[in-house]
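Notes for the structure review
Each chain, letter by letter, is given below.
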Amino acid sequence: MRGAYVDELTVISEEFFQQLLGRCSVDGSQIFATTNPDSPAHWVRRRFLDRLGQLTDWRVWHFQLDDNPALSDTIKDRYKRTYTGLWYRRFILGEWVAAEGAIFDMWDPARHVIGWHQMPAMQRVLALGVDYGTTNPSTGLLLGLGIDRRLYLMDEWRHDPQHSQHRLTDGQLSASMRDWLHTTAHAPHAGSQLPEWVVVDPAAASFRTQLHYDGLTAAEADNDVSRGISLLATLLTEGQLLVADRCEGFIREAPGYSWDPKATLDGKDKPIKVADHSLDGGRYAITTTETLWRPHIITPLEMAA
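These notes cover the structure that comes with them. Residue positions are counted from 1 within each chain, in the order its sequence is given. A pLDDT threshold of at least 70 governs which residues receive local features in this predicted model, and a stricter bar of 80 or more applies before side-chain atom pairs are shown or counted, although totals over entire chains, interfaces and linings include all residues. The basis for the side-chain values is all heavy atoms of the structure; hydrogens and waters are excluded.

**Concerning the sheet that holds strand β3 (residues 113–114)**
Pairing between sheet strands relies on hydrogen bonds along the backbone, with the strands arranged either parallel or antiparallel. Selection criterion: Two strands form a pair only when DSSP identifies at least two bridges running between them. Think of it this way: any DSSP run of H or I at least four residues long counts as a helix, any run of E at least two long counts as a strand, and we number them from the N terminus. Residues count as neighbours in contact if any of their non-hydrogen atoms are within 4.5 Å of one another. Axis angles are defined between N-to-C directions and span 0 to 180 degrees, where every axis is a line fitted to C-alpha atoms and, for a helix, only to the segment in contact.
With mixed pairing, seven strands are arranged side by side in an open sheet as β3-β9-β6-β5-β4-β7-β8. In this open sheet, the two edge strands, each paired with only one partner strand, are β3 and β8 (219–220). Two strands pair when backbone bridges link them, and strand β5 (residues 138–146) and strand β6 (residues 151–159) are joined in this way by eight bridges, in the antiparallel orientation. Considered in β6, the bridge of L145 is made with L151. The sheet contacts of helix α8 (residues 205–213) involve β4 (122–131), β7 (197–200) and β8, and relative to β7 the element is tilted by about 155°. Sheet strands touched by helix α12 (residues 277–288): β4, β5, β6, β7, β8 and β9 (241–244). Its angle to β4, the strand with the most contacts, is close to 130°.

Right under this line is the structure:
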């Protein structure tokens, strides 16, 4: 090969890039790559960028958002409002920084939590996002798109075996969730309140089978954790996502959701897997249905007008 172009270098595997280097074996061949920064322990940074003094055939250019001539000042300001914390430093400032501290550092109950009776009518009830547990809680977060074109976590089903003092079988969990889904009023306004989709933790194969056996078809949720967390953070920052006060688990878990320092040392952005079951359910519902709500959600410019 005489050359190659790689977009978002940090998201491909180190093994793939090593093969690409080997394939560019013609004299004068070149590889061009672009990427947003990642963790300072990422293989791109550790193996190449930190060794530029030894790699005489490497060239690196660092840009910030403000260096992009194709973006207007209005769009740049929007991006600066959209990203906070870790994502602001990586995507706006172009810094290779580690994930640390609170994930949803923008979380403010006074801004993000709404009384259940204050919710507007829903255009669509998009999905029930289900996180499945055996010894841990099982949760279901119901997501709707309001007539005001904002997303709402409308209601929450939750079974916590530690609080109820007994574990439920898959069949019992399915019955409990389906009973809640079909007999509870999930919004204060009339209209269909059943979700168009039920999306379940991809690891919960046995529970999806049980739901199918019980007549409720469930799809595998999108479990791209990093993208899902970034999406929720953006929606919360922009005021495009509100949470009804019935979603007690989500509201309780959001303030303590933090990056895992052990994973950070390995160059990975992962949350600490403690008290995140309702957060996972909400993330599944929002991320998996993005193509359904994205064209219709209110934009920050419209909210500012």
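Moving on from the model shown.
**A short note on unusual backbone geometry**
In this structure, E8 takes a positive phi of about 60° despite not being glycine. Following the sequence through the fold, E8 ends up in the loop between β1 (3–7) and α1 (14–23). The backbone of A275 shows a phi angle near 50°, a positive value even though the residue is not glycine. Within the secondary structure, A275 sits in the loop between α11 (261–265) and α12.

**Brief notes about the pairing of strand β2 (residues 30–34)**
Note the cut-off: Classification remark: right-handed applies to a crossover when, strands pointing away from the viewer, the course from the first strand over the helix to the second runs clockwise.
By the bridge criterion, five bridges tie β1 to β2 in an arrangement that is parallel. Each residue of the ladder has a partner; that of V6, found in β2, is A33. Traced from β1 through α1 to β2, the parallel crossover comes out right-handed.

**What to know about the layout of surface pockets**
Let me state the cut-off plainly: The way it works is a 1 Å grid over only the protein atoms, where trapped points that fit a 1.4 Å probe form a cavity and open points with protein on both sides within 12 Å along at least five of seven lines form a pocket, and then any residue with an atom within 4 Å of a point lines it. Grid points are joined across faces, edges and corners, and a volume is the space filled by probe spheres set on the points. Each residue gets one of three labels, nonpolar for Ala, Val, Leu, Ile, Met, Phe, Trp, Tyr, Cys and Pro, charged for Asp, Glu, Lys and Arg, and polar for the others, Gly among them.
Reported here for the largest pocket is a volume of approximately 1,400 Å³. Broken down by secondary-structure element, the contributors of at least two residues to the lining of the largest pocket are β1, α1, β2, α2 (43–48) and α4 (85–92). At five residues, β2 tops the list of elements feeding residues into the lining of the largest pocket. Residue classes in the lining of the largest pocket are distributed as 24 nonpolar, nine polar and six charged.

**Let's talk about the packing of aromatic side chains**
Formally: Pairing of aromatic rings covers Phe, Tyr and Trp, the last through its six-membered ring, and needs centres within 6.5 Å; plane angles under 30 degrees mean stacked, over 60 mean edge-to-face, and all others mean tilted. Each residue is assigned to one of three classes by its accessible area relative to the maximum for its type, calculated with a 1.4 Å probe on protein chains only: buried under 20%, partly exposed between the two thresholds, exposed over 50%.
Inspection of the entire model under this criterion finds nine aromatic pairs. Seen in terms of ring centroids, F48 and W58 are 4.6 Å apart; in terms of plane orientation they differ by 15°. Their pairing is stacked. One end of the pair, F48, is in helix α2; the other, W58, is in the loop between α2 and α3 (73–82), and 10 residues separate them in sequence. Accessibility expressed as a relative area gives 22% for W58, which makes it partly exposed. A connected cluster of aromatic rings, assembled from ring pairs, spans F17, W43, F48 and W58.

**Considerations on empty space enclosed by the protein**
Any empty space left between atoms is shown by rolling a water-sized probe over those atoms. Throughout the structure, instances matching the rule amount to one cavity of 30 Å³ or more. Volume-wise, the largest cavity comes out at about 30 Å³. Partitioning the lining of the largest cavity into residue classes produces five nonpolar, no polar and one charged.

**A closer look at the pairing of β5**
The buried count for β5 comes to nine of nine residues, which makes it a mostly enclosed element. Every second residue of β5 is oriented toward a common face, with S138, G140, L142, G144 and G146 on one face and T139, L141, L143 and L145 on the other, all of them buried. From the end of β4 to the start of β5, which pair antiparallel, there are six residues. In this antiparallel pair of consecutive strands, β5 and β6, the connection spans four residues, and R149 shows a positive phi of 65°.

**Observations concerning the pattern of salt bridges**
Worth spelling out the cut-off: Whenever a carboxyl oxygen of Asp or Glu lies within 4 Å of a side-chain nitrogen of Lys or Arg, that contact is scored as a salt bridge.
Enumeration according to the criterion identifies 19 salt bridges in this entry. D66 serves as the salt-bridge partner of K80, at 3.0 Å between the closest nitrogen and oxygen. With K80 in helix α3 and D66 in the loop between α2 and α3, the pair connects residues that are 14 residues apart, well separated along the chain. Note on K80: relative accessible area 27%, which makes it partly exposed. Across the pair E95 and R89 runs a salt bridge, and its minimum N-O distance is 2.7 Å.

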